[in-house]
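An overview of the molecular structure
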Amino acid sequence: MDIYPQLVIDSLKTVIHPAKGQDIVTLGMVEDDIRINGRRISFSLLFERPNDPAVAMLKKLCVAALKRDIGEDIDVEENIYVKIKPKPQPVEEPVLPGVKHVIAVASGKGGVGKSTVTSNLAVALANAGYKVGLLDADIFGPSVPIMFDTQDERPVLSEVTGPTGKGLIEPVQKYGIKMLSIGYFVDPGSAIVWRGGMASNALKQLITDAAWGELDYLLIDMPPGTSDIHITLTQTVKISAAIIVSTPQKVALADAIKGINMFQNEKVNVPILGIVENMAWFTPAELPNNKYYLFGKGGAEALAQQMNVPLLAQIPIVQSICDNGDKGTPVALQENSMTALAFAEFAQNVVTAANNL
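None of the values given here were measured: they were computed from a predicted structure. (Residues numbered from 1 in each chain as written. Predicted model: local features only at pLDDT ≥ 70, side-chain atom pairs only at ≥ 80, totals over all residues. Heavy atoms only, no water.)

Thoughts on the pattern of salt bridges
When the charged atoms of two side chains with opposite charge come close together, those side chains can pair. For clarity, the cut-off: Take a side-chain nitrogen of Lys or Arg and a carboxyl oxygen of Asp or Glu: if they are within 4 Å of each other, that pair is a salt bridge.
A complete count under the given rule lists 7 salt bridges for this structure. When salt bridges that share partners are traced, they join Glu31, Asp33 and Lys83 into one network.

What about the sheet that holds strand S2 (residues 40–47)?
Our working rule: A pair of strands is labelled paired if DSSP reports no fewer than 2 bridges between them. Secondary structure elements are taken from DSSP: a helix is a run of H or I of four residues or more, a strand is a run of E of two residues or more, and numbering for both begins at the N terminus. Between the N-to-C directions of two axes lies an angle of 0 to 180 degrees, each axis being a line fitted to C-alpha atoms and, for a helix, fitted only over the stretch in contact. Whether two residues are in contact is decided by their heavy atoms, any of which lying within 4.5 Å being enough.
Read from one edge of the open sheet, 3 strands run S1-S2-S3, paired in mixed fashion. Bordering the open sheet on either side are strand S1 (35–37) and strand S3 (80–84), each of which pairs with just one other strand. Within the sheet, the average angular offset between the axes of one strand and its neighbour, ignoring direction, is 20°. Two strands pair when backbone bridges link them, and S1 and S2 are joined in this way by 3 bridges, in the antiparallel orientation. Looking across to S2, one finds that isoleucine 36 is bridged to isoleucine 41. On the sheet, helix H2 (residues 55–69) packs against S2 and S3 and is oriented at approximately 145° with respect to S2.

A look at the nonpolar core
The cut-off we apply is this: Here, nonpolar core means buried Ala, Val, Leu, Ile, Met, Phe, Trp, Tyr and Cys residues that are tied together by side-chain atoms lying within 4.5 Å of each other. The rule is simple: take the accessible area with a 1.4 Å probe, protein chains only, and divide by the maximum for that residue type; under 20% is buried, over 50% is exposed, in between is partly exposed.
Among the nonpolar cores identified, the biggest contains 40 residues, and Leu135, Leu233 and Phe263 are the most heavily contacted of them. Listing elements by their share of this core, those giving two or more residues are strand S4 (99–106), helix H5 (196–208), strand S10 (215–221), helix H6 (228–236), strand S11 (241–246), helix H7 (250–264), strand S12 (272–282) and helix H8 (299–307). The leading source of residues in this core is H7, at 5 residues. Counting residues in each nonpolar core, the second largest holds 39 residues, with Ala124, Ile177, Leu219 and Ala332 among its members.

Topic: the packing of helix H3 (residues 114–127) against helix H10 (residues 338–355)
Put simply, the rule is: Should an angle fall under 35 degrees it is taken as roughly parallel, and over 145 as roughly antiparallel, whereas 65 to 115 is taken as roughly perpendicular and any remaining angle as oblique. Here the nonpolar group is Ala, Val, Leu, Ile, Met, Phe, Trp, Tyr, Cys and Pro; Asp, Glu, Lys and Arg are the charged ones; every other residue, Gly included, is treated as polar.
It is at 9 Å that the axes of H3 and H10 come closest, and there the two elements cross at 80°. Classified by the interaxial angle, the pair formed by H3 and H10 is roughly perpendicular. From H3, Val117, Asn120, Leu121, Ala124 and Leu125 reach across to H10, where they touch Phe343, Ala344, Phe346, Ala347, Val350 and Val351. Classifying every residue of the contact of H3 with H10 gives 10 nonpolar, 1 polar and no charged.

Things to note about the layout of surface pockets
Where we set the bar: Here a cavity is any set of points on a 1 Å grid over the protein atoms alone where a 1.4 Å probe fits but cannot get out, and a pocket is any open set with protein on both sides within 12 Å along at least 5 of 7 lines; a residue lines the site when it has an atom within 4 Å of a point. Grid points are joined across faces, edges and corners, and a volume is the space filled by probe spheres set on the points.
Space inside the second largest pocket adds up to approximately 420 Å³. Those elements that place two or more of their residues in the lining of the second largest pocket are S4 and H6. The element best represented in the lining of the second largest pocket is H6, accounting for 4 residues. When grouped by side-chain class, the residues that make up the lining of the second largest pocket number 11 nonpolar, 6 polar and 3 charged.

Notes on the sheet that holds strand S9 (residues 177–181)
Strand order in the open sheet formed by 8 strands is S8-S9-S5-S10-S4-S11-S12-S13, and the pairing between neighbours is mixed. Both outer strands of the open sheet, strand S8 (172–174) and strand S13 (311–317), are each paired with one neighbouring strand and no more. Each strand of the sheet is rotated relative to its neighbour by a mean of 25°, with strand direction disregarded. Seen against the sheet, H3 touches S4, strand S5 (132–136), S9, S10, S11 and S12 and runs at an angle of roughly 170° to S10.

Some remarks on the pairing of S11
Among the 6 residues that make up S11, 6 are buried, leaving the element largely enclosed by the rest of the structure. The two faces of S11 match: Ala241, Ile243 and Val245 on one face and Ala242, Ile244 and Ser246 on the other face are all buried. With 4 bridges connecting them, S4 and S11 associate as parallel partners. Residue pairing for S11: alanine 106 is matched across the bridge by isoleucine 244.

Things to note about the pairing of S12
With 9 of 11 residues buried, S12 is to be regarded as a mostly interior element. Pairing of S11 with S12 involves 5 bridges; the strand directions are parallel. Residue pairing across strands places serine 246 opposite glutamate 277, the latter belonging to S12. Pairing between S12 and S13: 5 bridges, direction parallel.

Below, the structure is given as structure tokens:
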């Protein structure tokens, strides 16, 4: 009798699992690796665990069935192998499924105006008609509540429930922007003294336990430097891209390079959307056409060329930027002002770059 795979399968269909009451072929226990070499037959049986008590019995039943149906002279006893079925991987629900682009705004060092840039970018995007969220991820120095004059706001739980069945945190809303910051949950006059793990967990909650809803852009105002907070963010949510903020100074540019390298590290692997040169020049209100390069000229522009990334904007120093930030009315709200126009152009460049990711 010639031996062929279907003959083996038909024989194995007569082998009934003692506990499940069905044949092992129907149960999907026969691996698709039947090999025939003359009178030698080999194949594998799939089990859910290595210590399954039915292993020995089923192997004997298989040998008996095959010898009965094909012939006593077949070589099969030592050729039935046991494999463990791979466990199905749970389907992970995407974090922030309603958010199209998650943009991290970062800097290698503090003092370069990163939070001011992020806040005004959020306003400029909202002015352009986009649905925008703003997450203040600077756990130890939250500034978004001040930038938007919302220090007294206290987020509440929404009627929308998350995966755990609990209500989600409802972001604070102002100027068409949804905002969350650790500053809304702590006493403004108290220093936040937390270990890294506590800060990371708090940040995770602001991301995963909030009712962000449908957004075109979620901007994340990152803490300065490179720390475990940055790693937590990249592990918690898929960041679409990062924007690096720097001033023209050499020391700021050196730290900006560190920020770029952190995001481009193979373990982080977040694309760089581009560089923003903040405090690019000073223009006094009484001399709107004059530019005074207080911190050097074109440093970030040169860095963008060096790192082969776009220069998204050059933002001048104007007294109104600081004044409006302190009052909670971001300067990007001032239509047709020089700075508002700069942020509007910046926002359009971000949209273009994000759409090309």
